[in-house]
Amino acid sequence: MALETISCPLGCQGPDDFVVQGHDRQHGLPGEFTVVRCRTCGLARTSPRPTPESMGDYYPDDYGPYVGTRISADAAAQTGLKARALAAAKTLFDTKAHSLPDLPVGRMLEFGCASGNFLKLMADRSWDVEGVEFSPEAAEAARALGFPVEIGALEGIEKAENSYDLVVGWMVVEHLHDPVGGLRKLARWTKPGGQLAVSVPDSGAAEARLFGKRWYALQLPNHLFHFDASSITKVMAASGWRVTRIQRHRTMSNLIASAGYWLEDKGWLRVGKALKDFPERGGRIGALALFPVSYVMASLNQTGRMTVWAERIGE
Ligand SMILES: [Zn+2]
């Protein structure tokens, strides 16, 4: 496996601080990886890291986001008061903060659209949707739903300028080798005044420091950048986007799974495994049971995941 060392993508010249060293806990693949933080701008990055060419080794076919994103049959369209009540409940219990503000319907691009769940959701709301997806299997699943999905890495894809009203990417930016280049490209494809919504782990939460190399959202070496509210705002500004809002996700998944890693390392293998599987197996009941705690933790910016809204800068 080929590794590369990179400097701060914001062009800082200053030294870096060591943050943490860890290995691939998700798939158990070999290698030790280091996270450093730029002392000038505060952006943390995995370095050295796998090169773009060798990165595929770290995305096995059973990689979580590629599977298990099946569509659940949506209830028939609701109208009137019931629809408004349903919409309000959906916003309240929107654990991933994917609820969209009141945007006029338009054209949307989702980068990293996996098997098309969110494309379907937005198409059902009359949006004209398109996707970009790295995994051919996931892209085929989204295409089977009838959506135009281009297969490949964002780096290799070109679209017409000023094409979209909205661009979204859920838990994708931290996987990009060149987030500034990628986000600049997305800004060019977006119409003036268009919106961007991305979710990323939030390393500004206390849980990241508390668990260190056992922090679930570290996900080495797949996560190449480790943002907090301040550093993602700087990366956005350098890429043509002005951040307008940051919402923390209402979920305890990171904290529970991190505790699972910790217990595993202490030799409590069974309970450790049960906890670390929570993000993928905890399900709706688990999320609802923990919702009051999640709500409070999110309002304290302590859930370790965030959705960042931005507006395209310039003409
Ligand atoms: Zn920097």
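Please refer to the structure placed before this passage.
None of the values given here were measured: they were computed from a predicted structure.

## Some remarks on the coordination of the zinc ion
Octahedral six-donor coordination of a metal ideally yields angles of 90 or 180 degrees, compared with 109.5 degrees for tetrahedral four-donor coordination.
And then number 1: Surrounding the zinc ion are the protein donor atoms C8 (SG), C12 (SG), C38 (SG) and C41 (SG), at 2.3 Å.
And then number 2: Considering all four donor atoms around the zinc ion, angles at the metal cover 102 to 116° and the coordination shape is tetrahedral.
And then number 3: Summarised as a motif, the one-chain spacing of the donors to the zinc ion is C-x3-C-x25-C-x2-C. A residue pair is termed long-range when its members are at least 10 positions apart, and C8 in the loop between β1 (3-4) and β2 (16-23) and C38 in strand β3 (residues 32-38) qualify at 30 residues. You'll find C8 and C38 in the same group, each marked buried.

## Some thoughts on the packing of helix α7 (residues 253-265) against helix α8 (residues 269-276)
And then number 1: The geometry of α7 relative to α8 is characterised by a closest axis approach of 7 Å and an angle of 160° between their N-to-C directions. With respect to α8, the element α7 is oriented roughly antiparallel. Read as a crossing pair, α7 and α8 show a hand that is left-handed. Mapping the contact onto sequence places I256, A257, A259, G260, Y261, L263 and E264 in α7 and L269, V271, G272, K273, L275 and K276 in α8.

## Quick word on the pattern of salt bridges
And then number 1: Applying the stated criterion across every chain yields a total of 18 salt bridges.
And then number 2: R248 is the partner of D202 in a salt bridge, and the nearest nitrogen-oxygen pair spans 3.1 Å. In this pair, D202 sits in the loop between β10 (190-201) and α5 (206-211) while R248 sits in strand β12 (residues 241-248), placing the two residues 46 residues apart along the sequence.
And then number 3: According to the relative accessible area criterion, R248 is buried, its value standing at 15%.
And then number 4: One salt bridge in this structure joins D277 and K273, with 2.7 Å as the shortest N-O distance.
And then number 5: Of the residues examined, K273 reaches a relative accessible area of 42% and is grouped as partly exposed.
And then number 6: Taken together, the salt bridges that share partners define one network made up of R25, R214, E264, D265 and K276.

## A word on the sheet that holds strand β8 (residues 149-151)
And then number 1: Strand order in the open sheet made by the seven strands is β8-β7-β6-β9-β10-β13-β12, with mixed pairing throughout. With partners counted over all chains shown, the strands left at the sheet margins are β8 and β12, one partner each. When strand polarity is set aside, the average angle formed by the axes of neighbouring strands in this sheet is 15°.
And then number 2: Note: β10 against strand β13 (residues 305-312), seven bridges, orientation antiparallel. Each bridged residue has a counterpart across the sheet, and for S199 the counterpart in β13 is T307.
And then number 3: Those strands touched by helix α3 (residues 136-144) are β7 (128-133) and β8, and its axis lies near 165° from that of β8.

## With respect to empty space enclosed by the protein
And then number 1: Scanning the model with the defined rule gives one cavity of 30 Å³ or more in all.
And then number 2: Counted as a void, the largest cavity has a volume near 80 Å³.
And then number 3: Lining of the largest cavity is provided by G22, H23, D24, R25, Q26, K213, W215, Y216, L218, Q219, L220 and Y261.
And then number 4: Among the residues forming the lining of the largest cavity, the class breakdown is five nonpolar, four polar and three charged.

## What about the packing of aromatic side chains?
And then number 1: Enumeration over the complete set of coordinates arrives at four aromatic pairs.
And then number 2: Seen from their ring centres, F118 and W170 are 5.2 Å apart, and the 85° between their planes marks the pair as edge-to-face. Pair noted here: F118 is in helix α2 (residues 117-124) and W170 is in strand β9 (residues 164-170), with a separation of 52 residues, a long-range link. Judged on exposure class, the residue F118 and its partner W170 are both buried.
And then number 3: Aromatic pair F225 and F227: ring centres 6.2 Å apart, planes at 20°, arrangement stacked.

What counts and how
- Residues numbered from 1 in each chain as written.
- Predicted model: local features only at pLDDT ≥ 70, side-chain atom pairs only at ≥ 80, totals over all residues.
- Heavy atoms only, no water.
- Donors = N, O, S within 2.8 Å, 3.2 Å for Na, K, Ca; no water.
- Tetrahedral: all angles 85-135°; square planar, octahedral: opposite > 155°, others 65-115°.
- Helix = DSSP H or I, 4+ residues; strand = E, 2+ residues; numbered from the N terminus.
- Buried < 20%, exposed > 50% of the residue type's maximum accessible area, 1.4 Å probe, protein only.
- Axes fitted to C-alpha atoms, helices over the stretch in contact; angles between N-to-C directions.
- Parallel < 35°, antiparallel > 145°, perpendicular 65-115°, else oblique.
- Left-handed = near helix turned anticlockwise from the far one by under 90°.
- Contact = heavy atoms within 4.5 Å.
- Salt bridge = Lys/Arg side-chain N within 4 Å of Asp/Glu carboxyl O.
- Pairing = 2+ DSSP bridges.
- 1 Å grid on protein atoms, 1.4 Å probe; cavity = no way out; pocket = protein on both sides within 12 Å on 5 of 7 lines; lining within 4 Å.
- Points joined across faces, edges and corners; volume = space filled by probe spheres on them.
- Nonpolar A, V, L, I, M, F, W, Y, C, P; charged D, E, K, R; others polar.
- Phe/Tyr/Trp six-rings, centres within 6.5 Å; stacked < 30°, edge-to-face > 60°.

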